Amino acid sequence: MKTSQRYWLVKSEPSVFSIRDLARSPQQRTAWDGVRNYQARNYMRQMALGDLVLFYHSNADPPCVAGIAEVVRTAYPDDTQFDKSSHHYDPASSKSNPRWDMVDIRYRREFPAVLPLDRLRGVTGLERMELLRKGSRLSVQPVTPSEWNCILKLAGIKDEK
DNA sequence: GCCAACGTTGGC
DNA sequence: GCCAACGTTGGC
């Protein structure tokens, strides 16, 4: 039994990279690059193989949880930090001491219907969810097992462990 | 497009 | 180490 199973939520703007883009990616996987926030990076460093991830659409209409992905590679240096042509280039980082990491995730499923942010507010069991905290901007965040179960129930999904 | 909330930077 | 200025996030 996997007692170490953990749950997370990552944000992406669907106009940039949506859950369908993930589903259409080679092997349905992608490197989750471009995270430039220390707290978010530190959470990524805690991710383990097989951890499950809620895929959230920010700056969307409506903003919503759109589906589920899975961690398929643990943290390793984000190569965009060394790429001068990248928006995510970080001149203060060096290859000998990289500052930013990324993980790889793989598509698991799209929710039958997205769960709008509005729908989550006020739900019993989600009162303390990071996503719902006023002013929360964290793009990678932990989700508790009870929050996970609650979200999946709202999404009408029974079997995702 | 607005702007509140938040994180980072850099002068002192 | 403080904090003002600035940049970014992301809901609305």
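Residues numbered from 1 in each chain as written. Chains lettered and ligands numbered in written order. Predicted model: local features only at pLDDT ≥ 70, side-chain atom pairs only at ≥ 80, totals over all residues. Heavy atoms only, no water.

### Some words on the protein's contact with DNA strand B
Note the following rule: It suffices for a single heavy atom of a residue to lie within 4 Å of a molecule or strand for the residue to be listed as near it. Here a polar contact is recorded for every N or O atom pair within 3.5 Å, except that within protein the pair must consist of a potential hydrogen donor and a potential acceptor, and residues adjacent in sequence are included only if both atoms are side-chain atoms. In the scheme used here, Gly and all other residues not listed as nonpolar or charged are polar, with Ala, Val, Leu, Ile, Met, Phe, Trp, Tyr, Cys and Pro taken as nonpolar and Asp, Glu, Lys and Arg as charged.
Residues in contact with DNA strand B, as listed here, are N37, Y38, R133, K134, G135 and R137. Among all atoms of DNA strand B positioned within 4 Å of the protein, those belonging to sugar or phosphate total 67%. The separation between a phosphate oxygen of DNA strand B and a polar side-chain atom of K134 is 3.1 Å. Broken down by class, the residue content of the surface near DNA strand B amounts to one nonpolar, two polar and three charged.

### Comments concerning the pairing of strand 4 (residues 64-77)
Going by this rule: Summary of the burial criterion: residues with accessible area below 20% of their type's maximum are buried, those above 50% are exposed, and those between are partly exposed, where the area comes from a 1.4 Å probe applied to protein chains only. In this text, helices come from DSSP runs of H or I with a minimum length of four residues, and strands from runs of E with a minimum of two, each type numbered from the N-terminal end. Between any two strands, pairing holds if DSSP finds at least two bridges.
Strand 4 sits mainly inside the fold: ten of its 14 residues count as buried. Direction of pairing for strand 3 (residues 52-57) relative to strand 4: antiparallel, over a ladder of six bridges. What sits directly across from Y56, in strand 4, is V65. As consecutive antiparallel partners, strand 3 and strand 4 are separated by six residues, and within that stretch N59 has a phi angle of approximately 50 degrees, a positive value.

### Side note on the nonpolar core
For clarity, the cut-off: For the purposes of this section, nonpolar cores are sets of buried Ala, Val, Leu, Ile, Met, Phe, Trp, Tyr and Cys residues that join through side-chain atoms within 4.5 Å. Residues count as neighbours in contact if any of their non-hydrogen atoms are within 4.5 Å of one another.
Counting residues in hydrophobic clusters, the biggest one holds 23 residues, and the most contacted among them are L54, F111, M129 and I151. Contributing elements (two or more residues each) for this core: strand 1 (7-12), strand 3, strand 4, strand 5 (101-116), helix 3 (117-120) and helix 4 (145-155). Residues in contact with M129, not counting those within four places in the same chain, are L9, L54, V143, E147 and I151. Of all hydrophobic cores here, the second largest spans 21 residues; its members include L22, A40, M47 and F55.

### Thoughts on the side chain of Q141
Within the secondary structure, Q141 is located in strand 6 (residues 140-143). Here L131 takes part through its backbone nitrogen, which lies 2.8 Å from a polar atom of the side chain of Q141. If we skip the residues at most four places from it in the chain, Q141 touches W8, L9, K11, Y43, E130, L131 and S136.

### Let's talk about the sheet that holds strand 5
This is how the line gets drawn: Only the stretch in contact is used when a helix axis is fitted, and all axes are lines through C-alpha atoms; the angle between N-to-C directions ranges over 0 to 180 degrees.
Ordered in space as 2-5-4-3-1-6, the six strands form an open sheet in which the pairing is mixed. Unpaired on one side and paired on the other, strand 2 (29-31) and strand 6 mark the two borders of the sheet. Strand-to-strand, the axes of this sheet are offset by a mean angle of 35 degrees, without reference to chain direction. As paired elements, strand 2 and strand 5 share three bridges and run antiparallel to each other. Within strand 5, the position partnered with A31 by the bridge is D104. Strand contacts of helix 4: strand 1, strand 3, strand 4, strand 5 and strand 6, with the helix running at about 40 degrees to strand 5, the strand carrying the most contacts.

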